[in-house]
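# Structure assessment
The lines below spell out each chain.
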Amino acid sequence: MRPEEVKDLLTAVQERTTTVHAALRKLQEVPVEDLGFARLDTHRELRQGLPEVIYAEGKTSEQVAAIAARMLETTTAPVLATRVSPDKAGMLHTHFPEAVHHEAARLVVFRSVGPSAPATGTITVVSAGTSDLPVAEEAVLTAETFGAEVHHVTDAGVAGLHRLLAEQDRLHDVDVVIAVAGMEGALASLVGGIASAPVIAVPTSVGYGASFEGLAALLAMLNACAAGVVVTNIDNGFGAAMFALRLLRKIHKE
């Protein structure tokens, strides 16, 4: 149940178009819908402002399709699935022709807020190299799906410092910055030392052997000397976007 639905229900009671008893029954509906293999948290948007998102990895195509279909029926909020393989995306498209598959980001968007929806705030995503784009795009598209205005600065790693310095305005004129980098993960400290906005650092599993599949970048970001930097798990562009969206909701809360 969305906040708008609760407001409509209370307005209906006030205007006497529904009874208090009927409204109470509606509010007493169990906030979890059991599909047998999954239990949907139907009140998450009401509690937190953002709805549940489908994590597709490890689920069958049929399970993802069933969850998406039910979410599309029970909410008007954005519906998307993360970590979707190309084969799984192809199967989903047969059930949901209007769904959009973003292959690089491994996302399927079944429904977004739409271009006419007001932006919830502004985010700049800075990615270090082209190899970091899948994680960066996951962050960009997740945030855009939920209505944020996102600027993506690509290929701005520390190997060519001038590329980042040329984009300094993008680090100041936004609400949140997301820095995505692998290798030694130094980009997060550099962005954190320049940006006036809070910085969310995302280590990626990009790099040669001693990067230990992103562990080196993760540890470097956790030890960043710049203040105001928080760190997600390795390759978690989705988590960074959701954290940024929560910040935006607090900043722009009516």
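Residues numbered from 1 in each chain as written. Predicted model: local features only at pLDDT ≥ 70, side-chain atom pairs only at ≥ 80, totals over all residues. Heavy atoms only, no water.

### Re the nonpolar core
Within the largest apolar cluster, 28 residues are counted, with the highest numbers of intra-cluster contacts made by I123, V125 and I178. Among the elements of the structure, strand 6 (107-111), strand 7 (122-127), helix 6 (133-145), strand 9 (176-181), strand 10 (199-203) and helix 11 (237-251) are those that each provide at least two residues to this core. Setting aside anything within four residues of it in sequence, one finds V125 in contact with A136, V140, V150, H151, H152, V153, I178 and V180. Within the second largest apolar cluster, 21 residues are counted, among which are A156, V174, I194 and V199. (Core = buried A, V, L, I, M, F, W, Y, C linked by side-chain atoms within 4.5 Å. Buried < 20%, exposed > 50% of the residue type's maximum accessible area, 1.4 Å probe, protein only. Helix = DSSP H or I, 4+ residues; strand = E, 2+ residues; numbered from the N terminus. Contact = heavy atoms within 4.5 Å.)

### Re the pattern of salt bridges
Any two side chains of opposite charge can pair, so long as their charged atoms come close to each other. The final tally for this structure, using the stated rule, is 3 salt bridges. For E73, the salt bridge is made with R70, and the minimal N-O distance between the two is 2.5 Å. With E73 and R70 both in helix 4 (residues 61-74) and 3 residues apart, this pair spans about one turn of that helix. Two residues, R163 and D155, come together in a salt bridge whose shortest N-O distance is 3.4 Å. On the basis of relative accessible area, R163 is assigned to the partly exposed category, the value being 29%. (Salt bridge = Lys/Arg side-chain N within 4 Å of Asp/Glu carboxyl O.)

### Quick notes on a nonpolar patch on the surface
Taken together, the side chains of F212, L215, L219 and L222 define a hydrophobic patch exposed on the protein surface, amounting to about 410 Å² of accessible area. Mapped onto the fold, F212 is located in the loop between strand 10 and helix 10 (215-222). Of the residues examined, F212 reaches a relative accessible area of 57% and is grouped as exposed. (Patch = residues over 30% accessible without salt bridge, like charges linked within 9 Å, V, L, I, M, F, W, Y side chains within 5 Å. Areas by Shrake-Rupley, 256 points an atom, 1.4 Å probe, with all protein chains shown as cover.)

### A short note on the pairing of strand 6
The buried count for strand 6 comes to 4 of 5 residues, which makes it a mostly enclosed element. Both strand 4 (residues 79-82) and strand 6 contribute to a ladder of 3 bridges, which runs antiparallel. Across the sheet, A81 pairs through a bridge with V108, a residue of strand 6. Pairing of strand 5 (residues 100-102) with strand 6, which is carried by 3 bridges, proceeds in the antiparallel orientation. The residue bridging H101 from the neighbouring strand is V108, located in strand 6. Linkage of strand 5 to strand 6, two consecutive antiparallel strands, is achieved through a turn of 4 residues, within which R106 is found at a positive phi near 60°. (Pairing = 2+ DSSP bridges.)

### Structural notes on the sheet that holds strand 11 (residues 229-231)
Ordered in space as 8-7-9-10-11, the 5 strands form an open sheet in which the pairing is parallel. Single-partner strands in this sheet number two, and they are strand 8 (149-153) and strand 11. Neighbouring strand axes in the sheet, compared pairwise and without regard to direction, differ in orientation by 20° on average. Packed onto the sheet, helix 6 meets strand 7, strand 8, strand 9 and strand 10 and runs at close to 165° relative to strand 8. Strands strand 7, strand 9, strand 10 and strand 11 of the sheet are contacted by helix 11, whose axis makes an angle of about 170° with strand 9. (Axes fitted to C-alpha atoms, helices over the stretch in contact; angles between N-to-C directions.)

### Some words on the environment of R163
Its place among the elements puts R163 in helix 7 (residues 161-165). Spatially, the C-alpha atom of R163 lies 9.4 Å from that of V153, the residues being 10 residues apart in sequence. Apart from the residues lying within four places of it in its own chain, the contact partners of R163 are D155, A156 and G157. Of note is the side chain of R163, whose polar atom sits 3.4 Å from the backbone oxygen of D155. (Polar contact = N/O pair within 3.5 Å; in protein donor to acceptor, adjacent residues only side chain to side chain.)

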